[in-house]
Amino acid sequence: MIGFVGTGSGSVLNLKKNIDHEVCSARLSGFGGVGVNVRASGHALTVRLDVSTDLRSTVSMSAAESGSVGIGVIGCGRIGVVHASAISSLMGADLVMVTDPFESAGKKVEESFGVEWTPDWTKLVNDPRIKGVVIGSPTPYHAEQIIACAEAGKDVFCEKPISNDLKVIDECIAAVEKSGIKLMVGFQRRFDSNFLTIKSKIEAGDIGQVRMFQIISRDPAPPPKEYLEKSGGIFLDMASHDFDMARFVTSSEIDEVYVCGAAFDPEAQGANDLDSVITTLKMKNGTFGTIQNSRRCALGYDQRIEVFGSDGILTGNNKAPDTVILSNSSGVSAGLPYSFFMDRYAEAYSGAMAAFVDMIRKGTPPPVSYIDGRMSIVVARAANLSAKEGRPVKLSEVE
C-alpha cells in the first residue's frame, strides 16, 4: 500500500513496488489536486505523482535523506531526455536538475519530469545535492565538463566519445585521476540483454575457447551529408560501438585492423566518408573476427553478433517490436526489426543508468571506464589509416 499527501501540479515523484507479472495503467485524481499516474509492467509498479512546484525542494530533500543519489543531466536533447527518463524511474536515484542552453528544450524536460532546469551547466555541476553528473551535451563540450566535474568532486557518466582527440582525452583522464572521481563512458550496448548473455556464457565456458567472431551493425538509412561532415567519419561515429563490443566479448585488446570500404550513396560521397566497410580485427589473445558496418539497410536496424568457440557457437539476433511469426501455405514471415537505435537499445540505456547509480552508491569501479573510451578512439584512428593506405595497421602505430 502506498499513500500520498500533496496539492497542486507541476513536480514529479516516482516510486516503485513489486507486483505480480501483469501490465496495467491508470490515472487517478482527487487527492487534493494531485494527479497520480500508475503504470505496471513486469514486476515493477511505477507511480508518477504530480505535486506543486513549491514541493520540489521537499521532494528532493526527502529523496536525499532516504539515501537516494542526486543526479544532474547536462543536455536536454534526444539522448539527455532518454537518460532523464531512466533516472526518474530508478529506485535509489533522484533526478535533481537538468541543464541546456536552449530554453525550449530545457523547459520541456523540466515540465516532463518536474525537475529544475537551468541554462548554466556550471550551476548544476556545483549543486551540493548532486553526486553524479550525466553528460549528454555535444561532443566538443565533453572535456570541459568532465574536468569541471572532477574539480567539483562529482562522478561522471559521459556519452561517447570523451573526445575525438587523444590528447584531450588524456587531459580528462589526468583530471579524473587527480581528483579521484569515477568516470563511466556511455557504451550502452554492454548493457543489452543479448550482449550481456553472450558475455556471461563465454565466461561460463559454454563454447569453450573463443576463436572467431562476427559483428554486424547496419543503420536503416544514412544521415544527411551535413551531419556526416561533422561526425568524424564512420569509424568514430558508428563503428566505435562495435570496436568496444569486440573488446567486450573477447576480453582482449585489439592488436591490428584491416579495412575494406567504399562510399556507395551520395551522402557519404559528398562528405568524403565511407558508408560500407568490413574491418578485420586481430586480438592480442589470438582470436580474430570481422565487423560489418553500413549506413543503409533496407530491413531496418541490423544488430547481430556471432561468437565461434571450440565447443560451440553463440548467436545474438535482431530484436523486433514483436516476435510473431506467420506460417501458412504462402510461406513463413515475420515482422521487421526495430528501425531506430533508441528503440532497439531502450533497455540498454536504462541498464547503463542503473549501473551508474549503483557505481556511485557502492563506490565500485566504473563498468565502462575511460580506458574503454580511449581505446575506441585509438582503434578508429587505426581503421581510418588502414582505409586510407589499404594495409593492415597495428594500434601501436597510432597511439
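Above: the structure in question.
Remember, predicted model here, so these are calculated numbers, not experimental data. (Residues numbered from 1 in each chain as written. Predicted model: local features only at pLDDT ≥ 70, side-chain atom pairs only at ≥ 80, totals over all residues. Heavy atoms only, no water.)

Novice: Can you lay out the sheet that holds strand S10 (residues 183–185) for me, pointing to particular residues and giving the numbers?
Specialist: Either a parallel or an antiparallel arrangement is found when strands of a sheet pair, and the pairing is made through backbone hydrogen bonds. Spatial strand order, S7-S6-S5-S8-S9-S10: six strands in an open sheet with parallel pairing. With partners counted over all chains shown, the strands left at the sheet margins are strand S7 (116–118) and S10, one partner each. Ignoring which end each strand starts from, the neighbouring axes of this sheet average 20° apart. Sheet topology places strand S6 (residues 93–99) next to S7; three bridges connect them, and they run parallel. Within the sheet, the bridge partner assigned to Val-98 lies in S7 and is Trp-117. In this fold helix H12 (residues 346–362) packs onto strand S5 (69–74), S6, strand S8 (132–135), strand S9 (155–158) and S10, with an angle of close to 165° to the strand it touches most, S9. (Pairing = 2+ DSSP bridges. Helix = DSSP H or I, 4+ residues; strand = E, 2+ residues; numbered from the N terminus. Axes fitted to C-alpha atoms, helices over the stretch in contact; angles between N-to-C directions. Contact = heavy atoms within 4.5 Å.)

Novice: I'd love a proper account of the pattern of salt bridges, names of residues and values included.
Specialist: Here the structure, examined in full by the defined rule, presents 28 salt bridges. Across the pair Arg-391 and Glu-389 runs a salt bridge whose closest N-O atoms are separated by 2.7 Å. For Glu-389, a relative accessible area of 45% translates into the label partly exposed. (Salt bridge = Lys/Arg side-chain N within 4 Å of Asp/Glu carboxyl O. Buried < 20%, exposed > 50% of the residue type's maximum accessible area, 1.4 Å probe, protein only.)

Novice: I'd like a rundown of helix H13 (residues 370–389), residues and numbers included.
Specialist: Within an α-helix, residues lying three or four positions from one another point in the same direction, as the helix has 3.6 residues per turn. Between its first and last C-alpha, H13 extends 29 Å over 20 residues, near the 28 Å set by a 1.5 Å rise per residue. Where H13 begins, the side chain of Ser-369 points an oxygen toward the backbone nitrogen of Ile-371, at a separation of 3.2 Å. Following H13 by one or two positions, Gly-390 has its phi on the positive side, about 65°. (Expected span 1.5 Å × (residues − 1). Polar contact = N/O pair within 3.5 Å; in protein donor to acceptor, adjacent residues only side chain to side chain.)

Novice: With reference to specific residues and values, describe the packing of helix H7 (residues 193–203) against helix H9 (residues 234–250).
Specialist: Running from N to C, H7 and H9 cross one another at 30°; their axes reach a closest spacing of 9 Å. Taken together, the axes of H7 and H9 lie roughly parallel to each other. On H9, the residues that touch Phe-195, Ile-198, Lys-199 and Ile-202 of H7 are Met-245, Phe-248 and Val-249. Taken together, the residues of the contact of H7 with H9 break down into six nonpolar, no polar and one charged. (Parallel < 35°, antiparallel > 145°, perpendicular 65-115°, else oblique. Nonpolar A, V, L, I, M, F, W, Y, C, P; charged D, E, K, R; others polar.)

Novice: So what's going on with the packing of helix H6 (residues 166–179) against H13? Which residues, and what values?
Specialist: Between H6 and H13, the shortest axis-to-axis distance is 11 Å and the interhelical angle comes to 170°. One element, H6, and the other, H13, form an angle in the roughly antiparallel class. On the side of H6, the interface is formed by Leu-166, Ile-169, Asp-170, Ile-173, Val-176 and Glu-177, while H13 contributes Tyr-370, Arg-374, Ile-377, Val-378 and Arg-381. When grouped by side-chain class, the residues that make up the contact of H6 with H13 number seven nonpolar, no polar and four charged.

Novice: Could you give an account of the sheet that holds strand S15 (residues 302–309), naming the residues involved and the relevant values?
Specialist: The sheet built from seven strands is open, its strands ordered S16-S15-S11-S14-S13-S12-S19 with mixed pairing. The strands lining the two open edges of the sheet, one partner per strand, are strand S16 (312–316) and strand S19 (393–394). Summarising the sheet, strand S12 (residues 254–262) and strand S13 (residues 276–283) pair through eight bridges and their orientation is antiparallel. Bridge pairing in S13 links Val-259 to Thr-279. Against the sheet, H9 makes contact with strand S11 (210–218), S12, S13, strand S14 (288–294) and S15, and its axis sits at roughly 35° relative to S13, the strand it touches most. Strands S12 and S19 of the sheet are contacted by H13, whose axis makes an angle of about 45° with S12.

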